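# Working through the structure, step by step
The lines below spell out each chain.
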Amino acid sequence: MRANCSNSSACPANSSEEELPVGLQVPGNLELIFSVMSAVMMGLLMFSLGCSVELQKLWSHIRRPWGIAVGLLCQFGLMPLTAYLLATSFSLKPLQAIAVLIMGCCPGGNISNIFTFWVDGDMDLSISMTACSTVAALGMMPLCLYLYTLSWNLEETLTLPYQNIGISLVCLTIPVAFGVYVNYRFPKQSKIILKIGATLGAVILLVVAVAGVVLAKESWNPDITLLTISFIFPLIGHVMGFLLAFLTHQSWQRCRTISLETGAQNIQMCFTMLQLSFSAKQLVQMLSFPLSYGLFQMLSGILIIVAYKMYKRILKNKHRKRNPGCAEGGHKRKSTSPKETSAFLEMNEVALPLGPSEPMDRHMTLEPTGHISSSA
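First things first, this report covers the structure right here in the doc.

So, how was this worked out
Residues numbered from 1 in each chain as written. Predicted model: local features only at pLDDT ≥ 70, side-chain atom pairs only at ≥ 80, totals over all residues. Heavy atoms only, no water. Helix = DSSP H or I, 4+ residues; strand = E, 2+ residues; numbered from the N terminus. Buried < 20%, exposed > 50% of the residue type's maximum accessible area, 1.4 Å probe, protein only. Contact = heavy atoms within 4.5 Å. Areas by Shrake-Rupley, 256 points an atom, 1.4 Å probe, with all protein chains shown as cover. Patch = residues over 30% accessible without salt bridge, like charges linked within 9 Å, V, L, I, M, F, W, Y side chains within 5 Å. Salt bridge = Lys/Arg side-chain N within 4 Å of Asp/Glu carboxyl O. Core = buried A, V, L, I, M, F, W, Y, C linked by side-chain atoms within 4.5 Å. Axes fitted to C-alpha atoms, helices over the stretch in contact; angles between N-to-C directions. Parallel < 35°, antiparallel > 145°, perpendicular 65-115°, else oblique. Left-handed = near helix turned anticlockwise from the far one by under 90°. Nonpolar A, V, L, I, M, F, W, Y, C, P; charged D, E, K, R; others polar. Phe/Tyr/Trp six-rings, centres within 6.5 Å; stacked < 30°, edge-to-face > 60°.

This next bit is on the overall build of the protein. When its secondary structure is counted, the protein shows 16 helices and zero strands. Among the 376 residues that make up the protein, the fraction classed as buried is 49%. For the protein, restricting intrachain contacts to residue pairs at least 6 apart in sequence, the fraction spanning at least 24 positions comes to 86%. Counting only carbon and sulfur atoms, one obtains 68% of the accessible surface of the protein, whose full area is about 18,000 Å².

Below you can see the structure in the form of structure tokens.
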């Protein structure tokens, strides 16, 4: 199925399209490598990350879904709007503009769950947001695409990957359910599985990213405009997600989580939709964008993790200088649990006004903080 823009002035870059090189074809095993590797990776990864989910916290997010609502607003409100503004501002060619818009309308990707773990974010909220955005994509993706392409006068409709959405949802919920069960029955072993899984998941993501780039080297289109958009798009998502979470009075932990969830898109779903909707000749102009977006999405996440680790180290050094006695105790017990790390960071960061979803969470967070200050 093909989707072309008419000569309306509302469609970005109504200039004549360049003639595509006939000999350049999309690699046949590109879809295979991304579908098989991502399915295996997603299953093992989500099982290990599911070991960090607690039933009580997960249920609290479902009962009072304020954090999830903010995340969905970022995912299907800010990201599609940003994609539309970028496509029109940079005057992209019609096919390239559609690729950017499809990426902005996709739900959140599982890579955000790994990033959230490494920045001590709210894993319960992160996994809940990923699952809810995948379910919401069944209705929000066609709605957003319809609204933002009205002025572009598409001659034919785009093909939505409903099967891919269903597979993504199954690969997310079933492994997480097993991980939650393991965490409930074997809490000590689940911590080990979580650390190993998060580390291996990061390595696997890098391997898949490099393999995808190498296998799709013939699909790369050295377009500076597309590379620029793919670089700034995830960064805009991270910043806007953090600001919206901050303005809705979410905790710092949830601000980090929503920020990472907003900027991380489901790359495979974008690939599938492009392959279902366009011919191989048209894909030559389009596939380079999701490839470069996925690459810069990973790089921006790594930079955020590095910046956070440096920030946390600076806070710990300041805490040791103010409390020299605590440094000696820190040498005896170097390992800290995620709850202790979260409590330490919340103690040293400026408190935000409580949102409607966080009184219980903030109360639980401040309890260990008071214990630390009383024992100092």
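To continue, consider a nonpolar patch on the surface. Together, Leu206, Leu295, Leu299, Ile302, Val306 and Met310 give the surface a local cluster of nonpolar side chains, amounting to about 490 Å² of exposed area. Here the nonpolar patch gets five residues from one element, more than from any other, and that element is helix α13 (residues 288–322). With respect to the secondary-structure elements, Leu295 resides in helix α13.

Looking now at the nonpolar core. Counting 42 residues, the largest nonpolar core has Ile102, Phe233, Leu274 and Phe278 as the members making the most contacts within it. Counting residues per element, the ones that place at least two in this core are α3 (66–89), α4 (94–105), α6 (123–148), α9 (224–247), α11 (267–277) and α13. Ranked by the residues each element gives to this core, the list is headed by α4, at nine residues. Ranked by size, the runner-up nonpolar core spans 26 residues in total, among them Met42, Ile111, Val180 and Ala264.

A few words now on the packing of α4 against α9. Between α4 and α9, whose axes approach to 12 Å, the crossing angle comes to 15°. Our classification of the angle between α4 and α9 gives roughly parallel. Seen along the crossing, α4 lies across α9 with a hand that is right-handed. Together, Gln96, Val100, Met103 and Gly104 of α4 and Leu226, Ile229 and Phe233 of α9 make up the contact between the two elements. Among the residues making up the contact of α4 with α9, the classes are represented as five nonpolar, two polar and no charged.

For the structure shown, the criterion picks out eight aromatic pairs. Their ring planes at 50° and their centres at 6.0 Å tell us that Phe289 and Tyr293 sit as a pair that is tilted. Of this pair, Phe289 and Tyr293 both sit in helix α13, separated by four residues, roughly a single helical turn. Accessibility expressed as a relative area gives 0% for Phe289, which makes it buried. In textbook terms, an aromatic cluster arises when at least three aromatic residues are bridged by ring pairs, as seen for Tyr84, Tyr148 and Trp152.

Backbone geometry places Ser91, a non-glycine residue, at a positive phi of 50°. Mapped onto the secondary structure, Ser91 falls in the loop between α3 and α4. Take Ser91: its relative accessible area is 48%, and that puts it in the partly exposed class. With a phi angle near 65°, His249 is a residue other than glycine that sits in the positive phi range.

Moving on: the side chain of Ser128. Following the sequence through the fold, Ser128 ends up in helix α6. If near-sequence neighbours (up to four positions away) are discounted, Ser128 is found in contact with Leu58, His61 and Ile68.

With that settled, consider the pattern of salt bridges. Counting across every chain of the model gives two salt bridges. The shortest N-O distance in the salt bridge between Lys312 and Asp120 comes to 3.2 Å. One end of the pair, Lys312, is in helix α13; the other, Asp120, is in the loop between α5 (111–118) and α6, with 192 residues separating them in the sequence. On the basis of relative accessibility, which here comes to 12%, the residue Lys312 falls in the buried class. Exposure remark for Asp120: the relative accessible area of 13% places this residue in the buried category. The partner of Asp122 in a salt bridge is Arg254, and the shortest N-O contact between them spans 3.8 Å. Residue Asp122 is found in the loop between α5 and α6, and its partner Arg254 is found in helix α10 (residues 252–263); the two are separated by 132 residues along the sequence. Like Asp122, the residue Arg254 is buried in the burial classification.

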